[in-house]
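Next come the chains, spelled out residue by residue.
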Amino acid sequence: MLPKDYIALEDQYGAHNYKPLDVVLDRGKGVWVWDVEGNRYLDCLSSYSAVNQGHCHPKIIQTMIEQSRKLTLTSRAFRNSRLGLFYKDICEMTRSHKVLPMNSGAEAVETAIKTVRKWGYQVKGVPENEAEIIVCENNFHGRTITIVGFSTDSNARSGFGPFTPGFKIIPFGDAGALEDAITPNTVAFLVEPIQGEAGVIIPPDGYLKQVRDICTDKGIMLVLDEIQTGLGRTGKLLAEEHEGIEADLTLVGKALSGGVYPVSAVLSNTEVLGVLKPGEHGSTFGGNPLACEVARTALKVLIEENMIQNAVVQGEYFMKSLQAIDSPHIKEVRGKGLMIGVELHPEAGGARRFCLQLKDRGLLCKETHENTIRFAPPLIIQGEDIDWALERINAVFMES
Ligand SMILES: *Cc1c(COP(=O)(O)O)cnc(C)c1O
């Protein structure tokens, strides 16, 4: 089959809810992927940071194979021998008090929303059905009805109402706006440490610290969505560490899977998860032994193989080199660790055409919103790979 035949199949039988670059990938190893014709590409998206450990990491694959031969799913009707070990590992690593396992990122967000509402009614004493949750403009937290209901992206929400009430939207990066928005019925503030899908938007220094203080003072829960920023991407295990804070609830997903088997988790630093009682929340696949083992190895290799430190070193090198590109199209290069955005001027004609040209030269990345190219390679990337990427990126900017 030719690439166009694979594409025709997808287009004929699949819903068109994505507009992918037309590269049909067939194989991956580390930072590299190959298409069905054997062409090699450097992956600078890492499946939106779900493949931080690199494609088909041998230890994660080995764990997947071994555990899948042993036991894969029990449901939570019974206990399984892997669950407690996963809990212990992830809580110790992230210095968390308790954990609740789910599958997708959106489910972790939904879990947090349910938890803070229940906490509001049971502990804070908010009148029934009056709980408010504050979120930010240009947020991305997933695709469920409740979550898109508090999105400010009209593509994500229009045509999908009616939506879940109880959310208030404030500007991102503005601690004063948070303070002003809090009422006696506010139960939580849900925020990304760096807004990924919005175009790698970094809040002012000290923002998270201020937000932490405000939430503590006003007696509301701080929920950090680290589904994209977490697990080494920004050069720390969790992005909250950049400002030395601890959220009440921290959401992780994506790279917790090692890019292999979906698993997400809600981590708590307080007793807040204790408000959930048997029967009030769950998931058939959440906490299954296969997910637990895959996640344990995905976490283990991040540390053992020094991926977080590598994200610091290579991230700095990559960002400095991108900043050195002299092109009238580039408005700003910003980032933390290996989460880097190159924002183009509106006159540049959109980021997508640059991504298409990069693809033709063997580098895969994706525009986020109209005008930003995101570079987020696996955290195992080496200097020579970055040099290889920079040659292509430079060439595309020279010719465009
Ligand atoms: C990807 C993402 C989600 C949603 O995760 P899914 O696994 O796609 O449901 C939520 N929040 C952030 C910040 C994300 O990047």
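Rules and cut-offs
- Residues numbered from 1 in each chain as written.
- Predicted model: local features only at pLDDT ≥ 70, side-chain atom pairs only at ≥ 80, totals over all residues.
- Heavy atoms only, no water.
- Helix = DSSP H or I, 4+ residues; strand = E, 2+ residues; numbered from the N terminus.
- Rg over C-alpha atoms; globule rule 2.2 N^0.38 Å.
- Contact = heavy atoms within 4.5 Å.
- Areas by Shrake-Rupley, 256 points an atom, 1.4 Å probe, with all protein chains shown as cover.
- Lys, Arg positive; Asp, Glu negative; His and termini not counted.
- Charge placed at Lys NZ, Arg CZ, Asp CG, Glu CD.
- Axes fitted to C-alpha atoms, helices over the stretch in contact; angles between N-to-C directions.
- Parallel < 35°, antiparallel > 145°, perpendicular 65-115°, else oblique.
- Left-handed = near helix turned anticlockwise from the far one by under 90°.
- Nonpolar A, V, L, I, M, F, W, Y, C, P; charged D, E, K, R; others polar.
- Near = heavy atom within 4 Å.
- Polar contact = N/O pair within 3.5 Å; in protein donor to acceptor, adjacent residues only side chain to side chain.
- Buried < 20%, exposed > 50% of the residue type's maximum accessible area, 1.4 Å probe, protein only.
- Patch = residues over 30% accessible without salt bridge, like charges linked within 9 Å, V, L, I, M, F, W, Y side chains within 5 Å.
- Salt bridge = Lys/Arg side-chain N within 4 Å of Asp/Glu carboxyl O.
- Pairing = 2+ DSSP bridges.
- pLDDT = per-residue confidence, 0-100.
- 1 Å grid on protein atoms, 1.4 Å probe; cavity = no way out; pocket = protein on both sides within 12 Å on 5 of 7 lines; lining within 4 Å.
- Points joined across faces, edges and corners; volume = space filled by probe spheres on them.
- Core = buried A, V, L, I, M, F, W, Y, C linked by side-chain atoms within 4.5 Å.
- Domains from an automatic or database assignment.

(A) Main features of the overall build of the protein chain. The helix and strand inventory of the protein chain stands at 13 helices and 15 strands. The globule rule puts the C-alpha radius of gyration for 400 residues at 21 Å, and the 21 Å found for the protein chain is close to it. Along the first, second and third principal axes, the C-alpha set of the protein chain runs to 60 × 50 × 45 Å. Nonlocal contacts in the protein chain, meaning residues at least 24 apart in sequence, comprise 71% of its contacts between residues at least 6 apart. Total accessible area computed for the protein chain in this model is approximately 17800 Å², and 51% of it derives from carbon and sulfur atoms. Across the protein chain, 41 positive and 51 negative side-chain charges occur, with their mean positions spaced 5 Å apart.

(B) Molecular detail of the packing of helix α11 (residues 307–323) against helix α13 (residues 383–399). Interaxial distance between α11 and α13 falls to 10 Å at its minimum, and their mutual angle equals 20°. Relative to α13, α11 is oriented roughly parallel. Viewed along their axes, α11 and α13 form a crossing whose handedness is right-handed. Counting all contacts with α11, which are made through Gln-314, Tyr-317, Phe-318, Ser-321 and Leu-322, the residues of α13 involved are Gly-383, Ile-386, Asp-387, Leu-390 and Ile-393. Looking at the contact of α11 with α13, its residues break down into six nonpolar, three polar and one charged.

(C) Quick look at the site of the ligand. All residues adjacent to the ligand are Ser-104, Gly-105, Ala-106, Phe-140, His-141, Gly-142, Glu-192, Asp-225, Ile-227, Gln-228 and Lys-254. With respect to the ligand, the side chain of Lys-254 contributes an N or O atom lying 2.6 Å from an oxygen atom. Taken by itself the ligand offers 380 Å² of open surface, and the protein chains cover 81% of this. Of the residues that constitute the shell around the ligand, the class distribution is three nonpolar, five polar and three charged.

(D) Molecular detail of the environment of Leu-178. Positionally, Leu-178 belongs in helix α8 (residues 175–181). Taking relative accessible area as the criterion, Leu-178 reaches 0% and is therefore assigned buried. Placed 151 residues apart in sequence, Leu-178 and His-329 show a C-alpha to C-alpha distance of 35 Å. Filtering out sequence-adjacent residues up to four positions away, Leu-178 remains in contact with Ile-134, Ile-170, Phe-189, Val-211, Ile-214 and Cys-215.

(E) Structural detail: a nonpolar patch on the surface. A contiguous nonpolar patch, built from Met-1, Leu-9 and Tyr-13 and spanning about 390 Å² of accessible area, is present on the exposed surface. Checked against the element boundaries, Leu-9 lands in helix α1 (residues 3–13).

(F) Fine view of the sheet that holds strand β8 (residues 221–225). On the basis of which strands lie adjacent, the open sheet formed by seven strands has the order β4-β10-β9-β8-β7-β5-β6 and mixed pairing. Edge positions in the sheet fall to β4 (98–102) and β6 (167–170), since each of these pairs with one other strand and no more. Averaged over neighbouring strand pairs, the angle between their axes works out to 20° when direction is ignored. As defined by bridge partners, strand β5 (residues 132–136) adjoins β6 across four bridges and the pair is classed as parallel.

(G) Representation of the confidence of the model for the protein chain in the model. Per-residue confidence for the protein chain gives a mean pLDDT of 97, with 100% of residues at or over 70. The spread of mean pLDDT over the elements of the protein chain runs between strand β14 (residues 366–368), the lowest at 92, and β5, the highest at 99.

(H) Spotlight on the layout of surface pockets. Here the second largest pocket defines a volume of roughly 690 Å³. Counting residues per element, the ones that place at least two in the lining of the second largest pocket are α4 (83–94) and β4. Counting residues per element, the lining of the second largest pocket draws most heavily on β4, at five residues. Split by residue class, the lining of the second largest pocket holds eleven nonpolar, eight polar and five charged.

(I) Inspection of the nonpolar core at higher detail. Core analysis: the largest hydrophobic core is formed by 65 residues, its most contacted members being Leu-256, Leu-322, Ile-373, Phe-375 and Ile-393. Built from parts of two domains, this core gets at least three residues from each of domain 1 (3–57 + 306–399) and domain 2 (58–304). With near-sequence residues (within four places) excluded, Leu-322 lies in contact with Val-333, Ile-340, Val-342, Phe-375, Leu-390 and Ile-393. Within the second largest apolar cluster, 29 residues are counted, among which are Ala-108, Phe-150, Val-187 and Leu-249.

(J) Expanded view of the sheet that holds strand β3 (residues 40–43). In space, the four strands of this open sheet follow the order β1-β2-β3-β13, with mixed pairing throughout. Lying at the two open borders of the sheet, with one neighbouring strand each, are β1 (25–29) and β13 (363–364). In this structure, β3 lies alongside β13, joined through two bridges in parallel fashion. Pairing of Leu-42 across the sheet is with Leu-363, part of β13. In this fold α13 packs onto β2 (32–35), β3 and β13, with an angle of close to 105° to the strand it touches most, β3.

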